[in-house]
Amino acid sequence: MKEGAENQYARMIKEYISEEKIQKTFNQVFDHETILGLHELAEKGMLEKIEHVISTGKEAQVFRAIDVAGNFRAIKIYKTKTATFRQMEQYIQGDMRFEKIKHDPRSLINAWARKEFKNLELIQAAEVRCPHPLGFQKNILIMEFIGDEKGNPALNLKENPITDLELLYDTVTEYVARMVERANLVHADLSEYNILNLHQEAIIIDCGQGVLKSHPEAKTFYERDVQNLANYFTKMGYPKTQEEMLKKIKEKREKQPKR
Ligand SMILES: Nc1ncnc2c1ncn2[C@@H]1O[C@H](COP(=O)(O)OP(=O)(O)OP(=O)(O)O)[C@@H](O)[C@H]1O
Ligand SMILES: [Mg+2]
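Starting afresh in each chain, residues are numbered from 1 along the sequence in its written order. Think of it this way: whatever chain is written first is A, whatever ligand is written first is 1, and the rest follow in order. Given that this is a predicted model, residues contribute local features only at a pLDDT of at least 70 and side-chain atom pairs are listed and counted only at 80 or more, while totals for whole chains, interfaces and linings are drawn from all residues. Side-chain numbers here rest on the full set of heavy atoms in the structure, without hydrogens or water.

### As for the pairing of strand β5 (residues 140–144)
What counts here: Exposure is judged per residue with a 1.4 Å probe applied to protein chains only, and the accessible area is read against the type maximum: over 50% gives exposed, under 20% gives buried, and values in between give partly exposed. Under the scheme used here, helices are H or I runs from DSSP no shorter than 4 residues and strands are E runs no shorter than 2 residues, and both carry numbers assigned from the N terminus. We treat two strands as partners when DSSP finds at least two bridges between them.
The element β5 is extensively covered by neighbouring structure, given that 4 of its 5 residues are classed as buried. Here strand β3 (residues 72–78) runs beside β5; their pairing, made up of 5 bridges, is antiparallel. Its bridge partner lying in β5, Arg-73 is registered against Glu-144. As defined by bridge partners, strand β4 (residues 133–137) adjoins β5 across 4 bridges and the pair is classed as antiparallel. Paired with Phe-136 across the two strands is Leu-141, which belongs to β5. Where β4 folds back onto β5 in an antiparallel hairpin, the turn is made up of 2 residues, including Lys-138, whose phi is positive at roughly 50°.

In structure tokens:
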């Protein structure tokens, strides 16, 4: 007899998720297409098991996983049942890479995972340290796990500040300049929450809302990013104004290799 669809989904959840707590709540946050997405990643050898939750956000959950070869991976799954699709639209509309997508919630959320993947590719090619993107499937993004050898995830700057603020300032301004000039991209959610500290190295994450420079709101997002960063440095005892920081980034932008 053929296995019923419900049983099949339940079996896959057990197969790809080790923690019982996550198995039980998975269906409350994610739909069946998500389970099929996990299955497809597993078929490709990119996923052996989801182990546990690293973070639960408004729009996504991030898990630690292992692939078939036993490597740690980070898997970010965008919520399909409780997400706020309205906000996402603002960052997709006006992006010429996504002009043709449909605007129903499911298409939007899949486009979002793909967008984060593409943005990470661009950011990495611009020589900005970010998680290496490995793949995407439906609403799922799989990437390099940022953490120590034992599998503890790196904390963000809010939780674990980088101690050399002068060096951090130099790195962050350089990274913003590289993103804008070489990747043509504005991150659009830069702050101490979306920069990880791995053994005192800054790593930029959470790149889904990043927009191309041609996006009508790109300048507003860019200035907001720089304001957030200036606020952070000031709060940490390394006072910087938005103006000062914009000037520094501009100097660095002019030094970027011509494309
Ligand atoms: N590649 C990664 N390796 C290790 N940990 C990660 C990785 N990506 C994300 N994380 C962890 O998950 C947290 C949340 O990730 P991220 O910022 O990308 O999404 P988010 O902020 O939850 O999105 P939302 O806007 O819905 O809150 C990070 O602060 C970090 O602790
Ligand atoms: Mg975040």
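Okay, back to it.
### Re the coordination of the magnesium ion (ligand 2)
Six octahedrally arranged donors around a metal ideally form angles of 90 or 180 degrees; four tetrahedrally arranged donors ideally form angles of 109.5 degrees. Put simply, the rule is: Metal sites are built from N, O and S donor atoms within 2.8 Å, or 3.2 Å for Na, K and Ca, and they leave out water, so they may look incomplete.
In this structure, Asn-194 (OD1) and Asp-206 (OD) serve as the protein donors to the magnesium ion (ligand 2), at separations of 2.3 Å. Residue Asn-194 is located in the loop between β7 (185–186) and β8 (195–198), and its partner Asp-206 is located in the loop between β9 (201–204) and β10 (211–212); the two are separated by 12 residues in the primary sequence.

### Notes on the environment of Gln-200
Rules: For this analysis, residues touch if any pair of their heavy atoms sits within 4.5 Å. N or O atoms closer than or at 3.5 Å make up a polar contact, with two conditions inside protein: a donor-capable atom paired with an acceptor-capable one, and, for residues adjacent in sequence, both atoms drawn from side chains.
Within the secondary structure, Gln-200 is located in the loop between β8 and β9. The exposure class assigned to Gln-200 is partly exposed, which follows from its relative accessible area of 40%. Gln-200 sits 36 residues away from Asp-164 along the chain, and the two C-alpha atoms are 8.3 Å apart. Each residue touching Gln-200, except ones within four places of it in the same chain, is listed here: Pro-161, Ile-162, Thr-163 and Asp-164. In this structure the side chain of Gln-200 is engaged in a polar contact, spanning 3.0 Å, whose partner is the backbone nitrogen of Thr-163.

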